[in-house]
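Now for the letters of each chain:
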Amino acid sequence: MFDPDFAGADVVPSPNHGGRREGRSPDMIVLHYTGMPTADAALDWLCRPESEVSSHYMVYEDGRIVQLVPESRRAWHAGKSSWMGEIDINSASIGIEIANPGHPGGLPPFPEKQIAAVVELCQDCGARWQIAPERVLAHSDVAPIRKVDPGENFPWAALHAAGVGHLVEPAPITGGRFFQRGDSGQPVEALQSMLAYYGYALDIHGEFDARTEGVVAAFQRHFRPEKVDGVADSSTIDTLHRLLTSLPRLGS
Ligand SMILES: [Zn+2]
């Protein structure tokens with residue numbers, strides 16, 4: 001047993017953790033959905049040695065928060081991931097599992113009580129570890145294609161309204177020029193540059209390949225969730241551009 005880092009959490013220890021690489025402090029939060037039929041089944045799995053997965057926290061539908069791994073330790077939630085060129089995301093982050101059956105369960109909505117608890121937990125971790133808003137991310141952001149959680153129904157706007165995360169109002173979907181798989185050239189290179197600058201793991205080579213399509217879909221899932229199709233339409237590009245220009249690290 002250990003004392004919870006978040007005062008409101010119940011402790012249910014998981015054996016699945018190790019040391020953070022080179023004693024790195026967490027400076028990002030990765031949000032997940034459990035993707036299982038029930039929260040209790042997910043918690044059981046996260047605590048089984050043979051699963052080799054865990055998270056720091058799990059948030060129930062009713063807002064109850066369980067801590068599984070001390071924040072000082074490296075929980076095993078992100079898997080093969082990358083952000084801003086860093087690949088050991090588990091060493092860099094706090095992992096929060098949010099109980100929700102996810103895509104396999106038809107993407108049911110996240111109850112308000114649950115989101116209020118997620119907000120409070122993120123605010124608390126964010127203040128204690130000085131986590132920048134733009135480093136509160138989806139699992140799908142750090143592992144595009146491979147992961148789709150917490151999903152396009154996750155209410156990022158509700159978090160942002162409470163000062164958690166980085167978001168801009170998505171640009172409306174209209175007609176006009178778009179880029180998609182198979183396209184190539186300078187505009188594709190510019191798109192890849194913007195996505196990579198924001199943090200996504202994407203090579204800049206001007207070919208709109210499968211990887212680019214997957215990263216565009218990951219971006220849409222978080223920032224333009226109305227249509228997640230991997231096509232870089234003008235709404236997607238405009239939203240990305242405005243997100244970049246509003247980055248605190250650009251001093252604006
Ligand atoms: Zn996940």
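Positions within a chain are numbered from 1, following the residues in the order the chain's sequence is written. Predicted model: local features are reported for residues with pLDDT of at least 70 only, side-chain atom pairs are reported and counted for 80 or more only, and whole-chain, interface and lining totals are derived from all residues. The side-chain values count all of the structure's non-hydrogen atoms but skip hydrogen atoms and water molecules.

**Focus: the overall build of the chain**
Thinking step 1. Numbering of helices and strands runs from the N terminus; a helix is a DSSP stretch of H or I covering at least four residues, while a strand is a stretch of E covering at least two. A tally of helices and strands in the chain yields 8 helices and 8 strands.
Thinking step 2. Radius of gyration means the value over C-alpha atoms here, while the globule rule gives 2.2 Å times the residue count to the 0.38 power. The C-alpha radius of gyration computed for the chain amounts to 18 Å, which stays within 12% of the reference 18 Å derived for 252 residues, consistent with globular compactness.
Thinking step 3. Each of the three principal axes of the chain carries a C-alpha extent, and together these read 55 × 40 × 35 Å.
Thinking step 4. Buried residues in the chain amount to 51% of all 252 residues.
Thinking step 5. Each accessible area is a Shrake-Rupley estimate made with a 1.4 Å probe; only the visible protein chains count as cover when residues are assessed. When the accessible surface of the chain is summed, it comes to about 10,900 Å², and 53% of that surface belongs to carbon and sulfur atoms. Throughout this description, buried means an accessible area under 20% of the type-specific maximum (1.4 Å probe, protein chains only), exposed means over 50%, and partly exposed covers the range between.

**Description of the coordination of the zinc ion**
Thinking step 1. Listed donors are limited to N, O and S atoms within 2.8 Å of the metal, widened to 3.2 Å for Na, K and Ca; water is not among them, so incomplete-looking sites are possible. Binding of the zinc ion to the protein goes through His32 (ND1), His139 (ND1) and Asp149 (OD), at separations of 2.1 Å.
Thinking step 2. Donor residues binding the zinc ion come from one chain and are separated in sequence as H-x106-H-x9-D. Of the two residues, His32 sits in strand 3 (residues 28–33) while His139 sits in helix 4 (residues 139–142), which places them 107 residues apart along the sequence.
Thinking step 3. In this structure His32 comes out as buried when scored by relative accessible area, which is 1%.

**Focus: the packing of aromatic side chains**
Thinking step 1. Aromatic rings from Phe, Tyr and Trp, with only the six-membered ring used for Trp, were paired whenever their centres fell within 6.5 Å, and each pair was classed as stacked if the ring planes differed by under 30 degrees, edge-to-face if by over 60, and tilted otherwise. One pass over the structure, following the stated rule, counts 7 aromatic pairs.
Thinking step 2. Between the aromatic rings of Phe154 and Trp156, the centroid separation amounts to 4.9 Å while the plane-to-plane angle is 70°, which identifies the pairing as edge-to-face.
Thinking step 3. Aromatic ring contacts, followed pair by pair, group Trp83, Tyr198, Tyr200, Phe219 and Phe223 into a single cluster.

**Comments concerning the packing of helix 7 (residues 210–223) against helix 8 (residues 234–245)**
Thinking step 1. Only the contacting stretch of a helix is used when fitting its axis, a line to C-alpha atoms as for every element, and angles between N-to-C directions run 0 to 180 degrees. For the pair helix 7 and helix 8, interaxial distance at closest approach is 11 Å and the crossing angle is 70°. The orientation of helix 7 relative to helix 8 falls into the category roughly perpendicular. Every residue of helix 8 that contacts helix 7 at Val216, Phe219, Gln220 and Phe223 is listed here: Thr236, Thr239, Leu240 and Leu243.
Thinking step 2. In the scheme used here, Gly and all other residues not listed as nonpolar or charged are polar, with Ala, Val, Leu, Ile, Met, Phe, Trp, Tyr, Cys and Pro taken as nonpolar and Asp, Glu, Lys and Arg as charged. Residue composition of the contact of helix 7 with helix 8, by class: 5 nonpolar, 3 polar and no charged. Should an angle fall under 35 degrees it is taken as roughly parallel, and over 145 as roughly antiparallel, whereas 65 to 115 is taken as roughly perpendicular and any remaining angle as oblique. By the convention used here, residues are in contact when the closest approach between their heavy atoms is within 4.5 Å.

**With respect to the environment of Val59**
Thinking step 1. Along the polypeptide, Val59 turns up in strand 4 (residues 57–59).
Thinking step 2. It is 15 Å that separates the C-alpha atoms of Val59 and Ala138, two residues lying 79 residues apart in sequence.

**Observations concerning the domain arrangement of the chain**
Thinking step 1. Residue ranges for the domains originate in an automatic or database domain assignment. Taken domain by domain, the chain consists of domain 1 (10–161) and domain 2 (186–250).
Thinking step 2. Summarising the inter-unit geometry, the C-alpha centres of domain 1 and domain 2 are found 23 Å apart.
Thinking step 3. If you look at the interface, domain 1 gives 16 residues, while domain 2 gives 18 residues.
Thinking step 4. Summed over both partners, the interface of domain 1 with domain 2 comes to about 1,400 Å²; 62% of that surface belongs to carbon and sulfur atoms.
Thinking step 5. The term buried area means the drop in 1.4 Å probe accessible area that two parts suffer when joined, counted for both and summed. In terms of surface lost to domain 2, no three residues of domain 1 exceed Glu134, Pro144 and Glu152, which account for 36% of the buried area on that side.
Thinking step 6. By definition, a salt bridge exists where a carboxyl oxygen of Asp or Glu is found within 4 Å of a side-chain nitrogen of Lys or Arg. Joining domain 1 to domain 2, the criterion identifies 1 salt bridge.
Thinking step 7. Across the pair Glu152 and Arg221 runs a salt bridge whose closest N-O atoms are separated by 2.7 Å.

**Some points on the state of the cysteines**
Thinking step 1. A pair of cysteine sulfur atoms is labelled a disulfide when the two atoms are within 2.5 Å. Evaluation of the coordinates by the stated rule reveals 0 disulfides.
Thinking step 2. Note on Cys47: no disulfide assigned, nearest cysteine sulfur contributed by Cys125 at a separation of 17 Å.
Thinking step 3. For Cys47, a relative accessible area of 18% corresponds to the buried category.
Thinking step 4. Cys125 supplies the cysteine sulfur nearest to Cys122, a cysteine that is in no disulfide, at a spacing of 6.7 Å.
Thinking step 5. Given the relative accessible area of 3%, Cys122 is considered buried.

**Here's the deal with the sheet that holds strand 4**
Thinking step 1. Pairing is mixed across the open sheet formed by 6 strands, whose spatial order is 1-5-4-7-3-8. Taken across any chain shown, the strands that pair with only one partner, and hence form the sheet edges, are strand 1 (10–11) and strand 8 (136–138).
Thinking step 2. Two strands make a pair as long as DSSP finds a minimum of two bridges between them. Across 2 bridges, the pairing between strand 1 and strand 5 (residues 65–67) is parallel. Residue pairing across strands places Val11 opposite Gln67, the latter belonging to strand 5.
Thinking step 3. The strands touched by helix 3 (residues 112–129) within the sheet are strand 3, strand 4, strand 5 and strand 7 (93–98), with strand 4 carrying the most contacts at an inclination of about 155°.

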